[in-house]
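Spelled out from the first residue to the last, the chains are:
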Amino acid sequence: MPNWVPRIDTPRRASEQQTSGPLTGPSVADLTFAGLGVDGLFLEVSCSTPAWVTFYDSAAARTADGARPIEEDPPLSAGVLLDLRFSSDALLLKQAPGCSYSNGENPLQQRLWARVRTEAAGAHTATLGVLALVLNDSAGG
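Residues numbered from 1 in each chain as written. Predicted model: local features only at pLDDT ≥ 70, side-chain atom pairs only at ≥ 80, totals over all residues. Heavy atoms only, no water.

**Let's talk about the pattern of salt bridges**
Any two side chains of opposite charge can pair, on the condition that their charged atoms come close. Tallied over the entire structure, the rule returns seven salt bridges. The partner of Arg 62 in a salt bridge is Asp 30, with the nearest N and O atoms 3.8 Å apart. Of this pair, Arg 62 sits in helix 1 (residues 59-64) while Asp 30 sits in strand 3 (residues 28-33), and the two are 32 residues apart along the sequence. Under the relative-accessibility criterion, Asp 30 is labelled partly exposed at 41%. (Salt bridge = Lys/Arg side-chain N within 4 Å of Asp/Glu carboxyl O. Helix = DSSP H or I, 4+ residues; strand = E, 2+ residues; numbered from the N terminus. Buried < 20%, exposed > 50% of the residue type's maximum accessible area, 1.4 Å probe, protein only.)

**Topic: the side chain of Asp 39**
Along the chain, the position of Asp 39 falls in strand 4 (residues 39-47). The buried charged residue Asp 39 lacks any salt bridge partner; its closest oppositely charged side chain belongs to Arg 12, at an N-O distance of 11 Å. Polar contacts involving the side chain of Asp 39 include one to the side chain of Ser 102, which spans 2.4 Å. Those residues in contact with Asp 39, other than ones at most four positions away along the chain, are Tyr 101, Ser 102, Asn 103, Val 134, Leu 135 and Asn 136. (Lys, Arg positive; Asp, Glu negative; His and termini not counted. Polar contact = N/O pair within 3.5 Å; in protein donor to acceptor, adjacent residues only side chain to side chain. Contact = heavy atoms within 4.5 Å.)

**So, unusual backbone geometry**
The linkage connecting Asn 106 with the following residue, Pro 107, adopts the cis geometry, with an omega of 5°. At Ser 77, a residue that is not glycine, the phi angle is positive and equals roughly 60°. Within the fold, Ser 77 resides in the loop between helix 1 and strand 6 (80-86).

**Considering the side chain of Asp 57**
Its place among the elements puts Asp 57 in the loop between strand 5 (51-56) and helix 1. For the buried Asp 57, no salt bridge exists, and the shortest N-O distance to an oppositely charged side chain is 10 Å, to Arg 62. A polar atom in the side chain of Asp 57 sits 3.4 Å from the side chain of Ser 58. Setting aside chain neighbours within four positions, we find Asp 57 in contact with Gly 79, Leu 81, Ser 102, Asn 103, Gly 104, Glu 105 and Trp 113.

Encoded structure:
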């Protein structure tokens, strides 16, 4: 009997949402996306509350970026994939063509890391959504 290789349907559109736990006042929440493949293109990003949202290629890059002020650009090759600012007027941002992501872990993983720095006062949660064009689902693809 032949060994079958499972079919991976890429490129494909994928949508994933992650929600923080309960937050109070301006807060920081770390979120992880596991359904967007290894490599892809951001099409839309949404956030349910005004916030500064950053996407990373690895957990280490997210940790290393923890002390960077909002008004400062990340250093080149820091693993920052996308930096977005959501206001109360814009909670959905369509991304420009070519706004790509790629996992930076070794070995590669189907993971995308994010940090949400909310600006809301009082009790709230933050829901972060990504619509992406997944280009590669696995390290070997």
